[in-house]
Amino acid sequence: MKNKFLKYSLLIAGWFGSIHGLFAQAQQRFPKPEFESGYSQPQTTTPFPRALWLEYFDVFVLLAVLSLVSWFALKKRSRKGVFWSSVFSVLYFGFYREGCICSVGSIQNVTLALFDPTYAIPLSALLFFLIPLVFTLFFGRTFCAGACPLGAIQDLVALRPIELSRWVQKVFGLVPYLYLGLAVLYSATKSDFIICRYDPFVGFFRLDAQFIMLVLGVLFLAAGIFVARPYCRFFCPYGVLLGWMSRFSAKHLTITPKECVQCKLCAHSCPFGAIDEPVAEPAHRRKSVKHLMLVVALLPVWAILGGWAGSMVHVPLSRLNPTVSLAELIVKHPEVKEDQNNIDVRTFMSSGKTTDQLVAEASEIQRRFYRGSWLVGGFLGLAIGFSLTNLSIFRKRDDFEPNKANCLSCARCLDFCPVKK
Amino acid sequence: MSDKTERKGMERRRFIKRGMQATLAVSLGGVAVASFMKSYAGEMVWQIDPFKCVQCGRCADECVMMPSAVKCVHAYALCGYCDLCGGYLKPNANERSTAAENQLCPTAAIKRKFIEDPYFEYEIDEELCIGCAKCVAGCTSFGNGSLHLQIRHDRCKNCNECAIARVCPADAITRVPANQPYLIKGDFTAAGDKAKKDTSRMSDNN
C-alpha cells in the first residue's frame, strides 16, 4: 500500500516536473527585456564541421594511393615507391586526417550498420571499408604496404627486425581473430568501438592522448624496432579480412621477375617472416593425407569447444556495456543509490526509470552477449582449427615465395633479389 | 610422381583458388549491399542534446581534446539578461560584480557586460571555456537555461566513437547529420527534432 502510494506520488511529481519543463521552455522564468538603448542581440555562432566534399576527397586519395602502391609493388617493382607512398600516408591519413577516418576502425561502422536499425553508415566510411578489401582481392595486401597510416608508421621504425620462430608467429597470429571477434561483438551490441578506443597510434597523429594510450603507443613503436610491425601482425583485426582476401588474390607481388636462383637473400630481407622456403615432396604422402583428414574432421569440434568457452565468459565480457555495469552495480550494492558522487547512479535515479526496467534492459543485453560470445568463441575455435590444418598441408614448393596471406607487399625483398629482368 | 597427377594437383588448386575468390567476392558484395542499403551520403557529427544534458561535468574531462571540444554556448534569445545571474555568480557571492571571487566559472570564461539598467549581457570566451558545465547548471537551475553545452565543430575531431558520448550518463550525445550540426536551444524546433530521429546513438540499447 505504502509502496503504491509512493509510486503514484512519484508519478505525479514527475508529471508536474515535465509540465514545469515545458512551461520553462515556452515561457521563460525571466522574460527577455525590451531594451531602450538600441542594443542589438548578438547571434550564437555555429562554426561548421569539415566540408562533405573533403570526406569524399579522402576516398579519392585512398583510391589513388592504393593504385599507386599496387603499381609500385607489382609492376614497377620499386621498394622506394612503396616507401614514399607510406610516408605520404602517414602524413595525410595520419597527421593531417589525425587517424580518423581509417579502414581498420570502419569494421565497427559496418557492423553497427548491419545490427542497429537506427544507424545510417556514412557512405565514405563504407567505401573506406570496401575499397582496400577489393584491392586486396586483386593485388594482395598493398593497402598494408603503403596506404594504412598505422602500418606505415610502424614500417618506418622497423630498423633492427629480428626473426621470430614459426610457432610464435602462429600462436600470436591468432590474437587478431580474437580482436576482430570482440570488436564485432562490442559494436553489434552497441557497447563500444574497442578498435578506435585502443588505437595505439592515434595519439601520435593528434599529438595528444591519454597518458596510458601514449605509453601503449610508445611501447608498440619501441617493440616495432625489433619485432617489425607488431600491431599489424599480431593485433590488427582488419588484417584478418585482408589476409583472407590476399590468400586467394588474383595477382600478387612476386619476389623475382624471372626465375628464382635459390639464393635465400629475400628470406633474410623479409622483416615479417612472410617468405616461404622451398619444401620437398613429403616422404609419407599417405600418412600426411590421413593426418590432414583428421585435423579437418576436428574443425567442428574446435568450433563447438570455442563457442562453449566463449559462452562461459559472456558475463565478464558484457560488463563493458555501460547499462549492464550500472545494473550490476545497483543490484549488488543497493546503497549506491544514495551516493550523490556517483554520476551514473545519480543520473539514473533522477531519470524516472525503475531499477526493474534497468535490470530488464541489462539482461536483454546480456542475452545478446550470450549468443554473440558463442559465435565469437566458435569463430576463434575455427581459426585455431584452420591454422592447425594449414600446418598439416604439405605443398611442394620449388622456390622462395611470399606467403600470400601474411605478405604485406612492402617490396623489401625485391631490392634484395639478384635477378633483375 | 607422374606428370598427370601433378597436373591434376595444379588443376585442383586453381579450382579451389577460383572458388574461394568467388566466395570472398560474393560475401564482400553481400556485406556491401546490406550496408549500402543503410548508408547515408552525408556525414554524421556528434552533438549534445541540451534538454537531456545533466551537467555532470564529464565533457570537460573525457573528450580526447585537451581542453575539451565541448564549450558552453549562449542562446541569447532565451537570456533574461539578469543582474543576478545564476550562471555567472557563485551562489554565495559577496556582491554582483566581476570580481574573481564572485565568479562561478573556474576559468573566468564568461564576460559580463553592462547593457542598460538593470540588464547585463553574458558572453562566452571559447578560448577559456573548458566545458565543465558549472555555469550551465547554475543557469538551468536559477535562470532561463540559455547557457548550455554544445560540441564545437571547429574543434571536434569527429572521432569514430565519441569518448564523451560513451561516458555520458544521460545518453545526451548522439550522431546528427553534418548539415545540421548544432542543437541550439531556442531554434531547436520541429526541424531539429526531425533531424534527431534520423540519427543513432551508441548507448541507446533499444
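Residues numbered from 1 in each chain as written. Chains lettered and ligands numbered in written order. Predicted model: local features only at pLDDT ≥ 70, side-chain atom pairs only at ≥ 80, totals over all residues. Heavy atoms only, no water.

1. Re the pairing of strand β3 (residues 70-74) of chain B
Each regular strand displays side chains that alternate between the two surfaces of the sheet. Residue and element names in this part refer to chain B. How we decide: Residue exposure (1.4 Å probe, protein chains only): buried if accessible area is under 20% of the type maximum, exposed if over 50%, otherwise partly exposed. Only DSSP runs of H or I covering at least 4 residues are called helices, and only runs of E covering at least 2 are called strands; the numbering of each starts at the N terminus. When DSSP locates at least two bridges between a pair of strands, those strands are taken to pair.
Most of β3 is tucked away: five of the five residues are buried. Both faces of β3 are covered, namely the face carrying V70, C72 and H74 and the face carrying K71 and V73. When β3 meets strand β6 (residues 147-151), the two strands line up antiparallel, connected through five bridges. Bridging from a neighbouring strand, C72 pairs with L149 of β6.

2. With respect to the interface of chain B and chain A
Stated formally: Residues count as neighbours in contact if any of their non-hydrogen atoms are within 4.5 Å of one another. When two parts are brought into contact, each loses some accessible area as probed by a 1.4 Å sphere; the total of that loss over both is the buried area. By definition, a salt bridge exists where a carboxyl oxygen of Asp or Glu is found within 4 Å of a side-chain nitrogen of Lys or Arg. Whenever two N or O atoms come within 3.5 Å, that pair is a polar contact, provided that in protein one can donate a hydrogen and the other can accept it, and provided that, for residues adjacent in sequence, both atoms are side-chain atoms. Just so you know the grouping, Ala, Val, Leu, Ile, Met, Phe, Trp, Tyr, Cys and Pro go in nonpolar, Asp, Glu, Lys and Arg go in charged, and all remaining residues, Gly too, go in polar.
Tallying the contact residues gives 74 residues for chain B and 74 residues for chain A. When chain B packs against chain A, the two sides together hide about 6200 Å² of surface, and 58% of this comes from carbon and sulfur. Summed over the shared surface of chain B and chain A, the result is three salt bridges. With its nearest N and O atoms 3.8 Å apart, the salt bridge here joins R166 of chain B to D192 of chain A. Viewed at the interface, chain A and chain B are joined by 28 residue pairs in polar contact (both at pLDDT 80 or more). Elements with a contribution of two residues or more to the side of chain B that touches chain A: α1 (3-37), β1 (39-40), β2 (44-48), β3, β4 (110-116), β5 (119-124), α3 (134-142) and α4 (163-167) of chain B. Element by element, the count of residues in the side of chain B that touches chain A is highest for α1 of chain B, at twelve residues. Here the side of chain B that touches chain A is composed, by residue class, of 39 nonpolar, 19 polar and 16 charged.

3. Digging into the domain arrangement of chain B
The test is simple: Marked domain ranges trace back to an automatic or database domain assignment.
Domain annotation for chain B reports domain 1 (1-35) and domain 2 (44-197). A C-alpha centroid distance of 58 Å is found between domain 1 of chain B and domain 2 of chain B.

4. Side note on a positive patch on the surface
Using the following cut-off: Distance thresholds for patches are 9 Å for like charges and 5 Å for nonpolar side chains (Val, Leu, Ile, Met, Phe, Trp, Tyr), applied to residues having over 30% relative accessible area and no salt bridge. Computed by Shrake-Rupley with a 1.4 Å probe, the accessible areas treat only the displayed protein chains as cover when residues are assessed. Residues scored as charged are limited to Lys and Arg (positive) and Asp and Glu (negative), so that His and the chain ends carry no count. We put the charge of a Lys on NZ, of an Arg on CZ, of an Asp on CG and of a Glu on CD.
Where like charges cluster on the molecular surface, the positive patch consists of R395 of chain A together with K4, R7, K8, R12 and R13 of chain B. Within the secondary structure layout, R12 of chain B lies in helix α1.

5. A few points about the side chain of H148 of chain B
All names here are of chain B. Looking at where H148 falls in the secondary structure, it is placed in strand β6. For H148, a relative accessible area of 1% corresponds to the buried category. Polar contacts involving the side chain of H148 include one to the main-chain amide nitrogen of K185, which spans 3.0 Å. The contacts of H148, once residues within four sequence positions are left out, are P50, K71, C72, V73, A75, V136, L183, I184 and K185.

6. Observations concerning the side chain of Q150 of chain B
Relative to the helices and strands, Q150 of chain B resides in strand β6. Setting aside residues up to four positions removed in sequence, Q150 of chain B forms contacts with Q47, I48, P50, A69, V70, K71, V73, Y182, L183 and I184 of chain B.

7. Things to note about the domain arrangement of chain A
How big an interface is tends to be reported as the loss of accessible area on association of its parts. All names here are of chain A. Here chain A is described as being made up of domain 1 (53-278 + 403-416) and domain 2 (285-390). The distance between the C-alpha centroids of domain 1 and domain 2 comes to 28 Å. Between domain 1 and domain 2, the residue contacts involve 17 residues of the former and 15 residues of the latter. Each partner contributes to the roughly 1400 Å² buried at the junction of domain 1 and domain 2, and carbon and sulfur atoms together form 74% of this total. On the domain 1 side of the contact with domain 2, L174, L185 and Y186 bury the most area, a combined 34% of that side's loss. Taken together, the connections running from domain 1 to domain 2 amount to zero salt bridges. Joining domain 1 to domain 2, the criterion identifies two residue pairs in polar contact (both at pLDDT 80 or more). Secondary structure elements with two or more residues in the side of domain 1 that touches domain 2: α9 (175-188), α10 (194-197) and α14 (237-247). Of the residues forming the side of domain 1 that touches domain 2, the biggest block, seven residues, is contributed by α9. Its residues assigned to classes, the side of domain 1 that touches domain 2 shows nine nonpolar, three polar and five charged.

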